[in-house]
Amino acid sequence: GGSGNRGTSVITRVQPKVKKPSLYRVLLLNDDYTPMEFVIHILERFFQKDREGATRIMLQVHNHGVGECGVYTYEVAETKVMQVMDFAKEHQHPLQCVMEKK
Ligand code: TYC
């Protein structure tokens, strides 16, 4: 701070504190057992993909081992992963869904 405050330093914030949130990719991993149709359904239901987009991502995972379902802030990404893992477990498929920082 300025003079007259008995030597106490005060830093005044000038710019408004607006921070961009970190973003996270939600990824599906390939396995040999989960049916292709089930993966397409996951992508439609939890990631708002149309049939064409869902099929493209499913085939990307099937052919290359991993594919991106979407990019979200931390808590949204965490919720998507939980929803997918719970739904896969419920249907007894070994499908794996993970998140990674961009
Ligand atoms: N590889 C699976 C099969 O041949 C299909 C599959 C695709 C599984 C994507 C998981 O994330 C996945 N039935």
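By the naming in an unreviewed UniProt entry, the protein is ATP-dependent Clp protease adapter protein ClpS, taken from Rhizobium setariae. Entered under Function (unreviewed entry) in the UniProt record, the comment concerning the protein runs "Involved in the modulation of the specificity of the ClpAP-mediated ATP-dependent protein degradation." Quoted verbatim from the Sequence similarities (unreviewed entry) field of UniProt, the annotation for the protein is "Belongs to the ClpS family."

Trainee: Looking at this structure, how should I read the site of the ligand?
Mentor: Lining the immediate surroundings of the ligand are Leu-28, Leu-29, Asn-30, Asp-31, Thr-34, Met-36, Val-39, Met-58, Val-61, His-62 and Leu-95. Within the backbone of Leu-29, one N or O atom sits 2.8 Å away from an oxygen atom of the ligand. At a separation of 2.9 Å, a nitrogen atom of the ligand approaches a polar side-chain atom of His-62. Starting from 350 Å² of accessible surface for the ligand in isolation, the protein chains cover 89%. Of all the secondary-structure elements, those providing two or more residues to the shell around the ligand are strand 1 (23-29), helix 1 (36-47) and helix 2 (51-64).

Trainee: Would you mind showing me how to read the nonpolar core here?
Mentor: One finds Val-26, Leu-28, Ile-42, Leu-43, Phe-47, Val-84 and Leu-95 to be the most contacted residues of the largest nonpolar core, which totals 23 residues. For this core, the secondary structure elements donating two or more residues are strand 1, helix 1, helix 2, strand 2 (66-73) and helix 3 (74-90). Aside from chain neighbours lying at most four places away, what touches Val-84 is Leu-28, Ile-42, Phe-46, Phe-47, Leu-95 and Cys-97.

Trainee: Help me out: how do you make sense of helix 3 in this one?
Mentor: Quick reminder: α-helices carry 3.6 residues per turn. Residues three or four places apart thus point the same way. Its 17 residues place the ends of helix 3 24 Å apart at the C-alpha level, agreeing with the 24 Å of an ideal helix rising 1.5 Å per residue. Residues of helix 3 that are buried: Ala-77, Lys-80, Val-81, Val-84, Phe-87 and Ala-88. Projected onto a plane normal to the axis of helix 3, the buried residues spread over an arc of 140° and lie on a single side. The exposed set on the far side of helix 3, more than 90 degrees from its buried face, consists of Glu-75, Lys-89 and Glu-90. Where the residues of helix 3 are buried, they touch strand 1, helix 1, strand 2 and strand 3 (96-101). Following helix 3 by one or two positions, Gln-92 has its phi on the positive side, about 60°.

Conventions and cut-offs
- Residues numbered from 1 in each chain as written.
- Predicted model: local features only at pLDDT ≥ 70, side-chain atom pairs only at ≥ 80, totals over all residues.
- Heavy atoms only, no water.
- UniProt positions renumbered as here; feature names shortened; annotations may be inferred.
- Near = heavy atom within 4 Å.
- Polar contact = N/O pair within 3.5 Å; in protein donor to acceptor, adjacent residues only side chain to side chain.
- Areas by Shrake-Rupley, 256 points an atom, 1.4 Å probe, with all protein chains shown as cover.
- Helix = DSSP H or I, 4+ residues; strand = E, 2+ residues; numbered from the N terminus.
- Core = buried A, V, L, I, M, F, W, Y, C linked by side-chain atoms within 4.5 Å.
- Buried < 20%, exposed > 50% of the residue type's maximum accessible area, 1.4 Å probe, protein only.
- Contact = heavy atoms within 4.5 Å.
- Expected span 1.5 Å × (residues − 1).
- Arc of directions from axis to C-beta.

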